[in-house]
Structures are given as C-alpha cells and as structure tokens.
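In case you want the letters, here they are:
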Amino acid sequence: MPNNKVHNNQTAQRHVATCLCAVAMLLLIVACNRGETVKFSRLDQLLFTTPADQLEQAMKAHRKEYSSELLVFYPEEPDFVQMTKEFVADPVMLDIFHITDSLYHDLSDVERQLGRALAQAYKLCPEMPRVEHLYTMVTGDFNYAYRIYSNGSDLCVALDMYALGAMEKYQYFGLPQYIVRTMTKEHIAADCMHTLGGLLCERPDGELTLLDYAIIEGKVLYFIEQTMPQLADTTLLRYTGEQMEWMEHSVANVWAWLIQNKMLYSKDRNQFQNICDEAPKTNAFGDNSAPRTTDYIGWQIVRRYMKKSGATMQQLFDETDSQKILTESAWRP
C-alpha cells in the first residue's frame, strides 16, 4: 500500500517549488520592465488652468522647475507676464489646449514607456547624458520639425502636435494627412528617443552624401529598436502597413535604382530630397511606394554592421565613416 502521508508531503513540496519558481519569474519580469522614473513637467496645464489673476504668482512659484534653455519663461518680467496672459486667453489657443488635454491629461503610460527606453539607453551608452528634465507645452505653432526638441539634458514635447488628429475643424492647420497620421500617442516616446539618438550621432565633416544621411538615420532607428524592442516596425519607421510591405518587397529594386543612378554619393540635396525627406511616397517609385526609402536601407545596413562587427552602441554613434559601415556590413538586399 502507498504511504499517503509521504505522497502528500511530496505533492506539497512540488507545489511550493512551483509557486517559488513562478514568483521568481514574476520578479525577473518586473526587474526587466523597471525603467527610469520619468515625469513630465506640464507647462501647458500650469499656464492654461491657472486663473488669470493668479498666473503671475503661479509662474514665479514654478520659476525653478521651468528654468531651462529650451523654454522662454521669465515671470519676473512684466512684458512676458502680459504676453502670456494674452496667449492663454486667446479663444483658439484655449480650444487647442482643451482638445490636447482631453487626450493627454494623464501621460503616465508614455512616462513608463519612455522610462524603460531611457534605462536601456543608459546601459547601452554609458556616456550618454542623463535626461534631467522633461516638459510638455501647447504652442499652437505646429512645426513638425520641432514637435520634440532637446539639448541632451532637457527635452520638450509640443504636445498639441500629437493631438492634430482631433483638430479636423481647423483643417489640421494646413499639415498634410501623411504627417497628421503619425501624430499619435504611440509615437511620442519613440519620437523622444529619435531626438535623443540624433544628438548622440557624430556627423562626418563636410557636406553629407545620401549614404551619410541613410547611415545616420539607420543608427538612430537601430538605437530606438534596441531601447524599445516591443515597438512595431511600422511605428519605428512611421510607415503604414502597406508602405512597410511595399518596402520589404521592393528594397532590392530601390537599392539597384540608387546604384544605377549614382545617388549614394551625391551631395546634391535637390537631387535626393524626396528620397529621404517626409513625403507621402517616393516619386521615383510610384504612388504606392513608401517614403524615406533610404531610412529603411540605412537601418538594414546598420543592423548587419552591428551583427558582424560586434561594435558597441557608443562605437556605432562615434563612427563617422559611412562607407566603412557599408563595406564592413557586406549588406546586400
């Protein structure tokens, strides 16, 4: 007859061991997901939600918090205070703020995503400056090039840019739909990392070639990929699903076209501007093509280079010889 007491003890021990293993795995997952503590200072909310008669006092109370070379913030100057009061009282600006705040009143999910990405970035690039201050603003400027800007230690997000999709009544302030499409919450943290990655890239001396632009963008995309590994490739490249599919199937033809037309080493931006700048398509490849085709190619070259060379992220950013990266990658589509 079996000893039921022994059998029950063994079963209990196995149960305890299974529970301990599950707890250990949970702790490991939590540790891997733990990031930097990131918190945006919400200048937009401070300015637009403070009553006009209290605004000057509130700005002075927050003077230290918003002391950054990225911001124009001088609450001790009467002219600045008056200009700010007029700005936040403007009916259109008030509407823009309310639309933006209805979407982004709480940014905790973006802060967690960005915190994890920064933690990974600091591991990969120990020499990378720490991001000390993060700000959000509502500017009404809608300049796509300055949706996010940084000096390395401070970073500012023009948050109303990421609410463009809800501003149809303003006809998106004249911005084309291919820009509006990418101005969503899922792009905020990735765009922050794109801006920071761009600051880390050393540039070659002199006028840049198309290959230089491709490799620089490839480095930044690789940086984002490594710091945000769960990010969808379509978000990384700011492509639609159809554009991504076209690019993956057409990369060999694009590469052949660049070689045949001697574009890789061209320094004439007028000649290749449409190939690497924001656009709804690449004119040379038809209406259904992807834009910024050299971004994708540069990314593939850098990925292959990093796999073959074993270089660190910092070494990648410091390497300014684009031809060396292409040659040592031995990349071919």
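Before reading on, note that the structure itself is shown above.
Reference entry: report on the structure contained in this document.

Moving on, we come to helix H8 (residues 185–200). Between its terminal C-alpha atoms H8 stretches 24 Å, which fits the 22 Å expected from 16 residues at 1.5 Å a residue. Along H8, the positions that sit buried rather than exposed are His187, Ile188, Ala189, Ala190, Asp191, Cys192, Met193, Leu196, Gly197 and Leu200.

Another point: the pairing of strand S2 (residues 133–137). With four of five residues buried, S2 lies mostly within the body of the structure. Note that strand S1 (residues 40–42) and S2 share three bridges and pair parallel. Pairing of Arg42 across the sheet is with Thr136, part of S2. Bridge analysis of S2 against strand S4 (residues 154–158) gives five bridges, and the strand direction is parallel. Across the sheet, the residue bridging to Met137 is Ala158, located in S4.

Turning to a negative patch on the surface, a few remarks are in order. On the surface, a cluster of negative charge is contributed by Asp233, Glu242, Glu245 and Glu248. When residues of the negative patch are assigned to their parent elements, the largest contribution, three residues, is made by helix H11 (residues 241–260). Residue Glu242 is classed as exposed on the basis of its relative accessible area, which comes to 58%.

This part takes up the layout of surface pockets. For the largest pocket, the calculated volume is near 760 Å³. As for the largest pocket, its lining consists of 27 residues, of which Arg147, His194, Arg203, Glu217 and Arg238 are closest to the centre. Put simply, the parts of the chain that give the lining of the largest pocket at least two residues each are strand S3 (148–150), H8, helix H9 (210–227), helix H12 (269–276) and helix H13 (293–309). For the lining of the largest pocket, the residue count by class is twelve nonpolar, five polar and ten charged.

Rules behind the numbers
Every chain is numbered on its own, with residues counted from 1 as its sequence reads. Note on the predicted model: pLDDT of at least 70 is required for a residue's local features to be given, and 80 or more for side-chain atom pairs to be given and counted; whole-chain, interface and lining totals, by contrast, use all residues. In computing side-chain values, all of the structure's heavy atoms are included and hydrogens and water are not. Each helix is a run of DSSP H or I of at least 4 residues and each strand a run of E of at least 2, with the numbering of both proceeding from the N terminus. Any helix carries an expected span of 1.5 Å times its number of residues minus one. Type-normalised accessible area, obtained with a 1.4 Å probe on protein chains alone, sets the label of each residue: buried when under 20%, exposed when over 50%, and partly exposed for intermediate values. By the convention used here, strands pair only if DSSP detects at least 2 bridges between them. Patch construction takes residues with relative accessible area above 30% that form no salt bridge. Like charges are linked within 9 Å, and nonpolar side chains (Val, Leu, Ile, Met, Phe, Trp, Tyr) are linked within 5 Å. What sets the accessible areas is the Shrake-Rupley method with a 1.4 Å probe; for residues, cover comes only from the shown protein chains. Criterion for a salt bridge: a side-chain nitrogen of Lys or Arg within 4 Å of a carboxyl oxygen of Asp or Glu. Only four residue types enter the charge count: Lys and Arg as positive, Asp and Glu as negative, with His and the chain ends excluded. Here the site of a charge means atom NZ of a Lys, CZ of an Arg, CG of an Asp or CD of a Glu. Site definitions follow a grid-based scheme: protein atoms alone, a 1 Å grid, a 1.4 Å probe that fits but cannot get out for cavities, and for pockets an open set with protein on both sides within 12 Å along at least five of seven lines, plus lining residues having an atom within 4 Å of a point. Grid points are joined across faces, edges and corners, and a volume is the space filled by probe spheres set on the points. Gly is put with the polar residues, along with every residue not named as nonpolar or charged; the nonpolar set is Ala, Val, Leu, Ile, Met, Phe, Trp, Tyr, Cys and Pro, and the charged set is Asp, Glu, Lys and Arg.

These results come straight from atomic positions and should not be treated as a statement about function.
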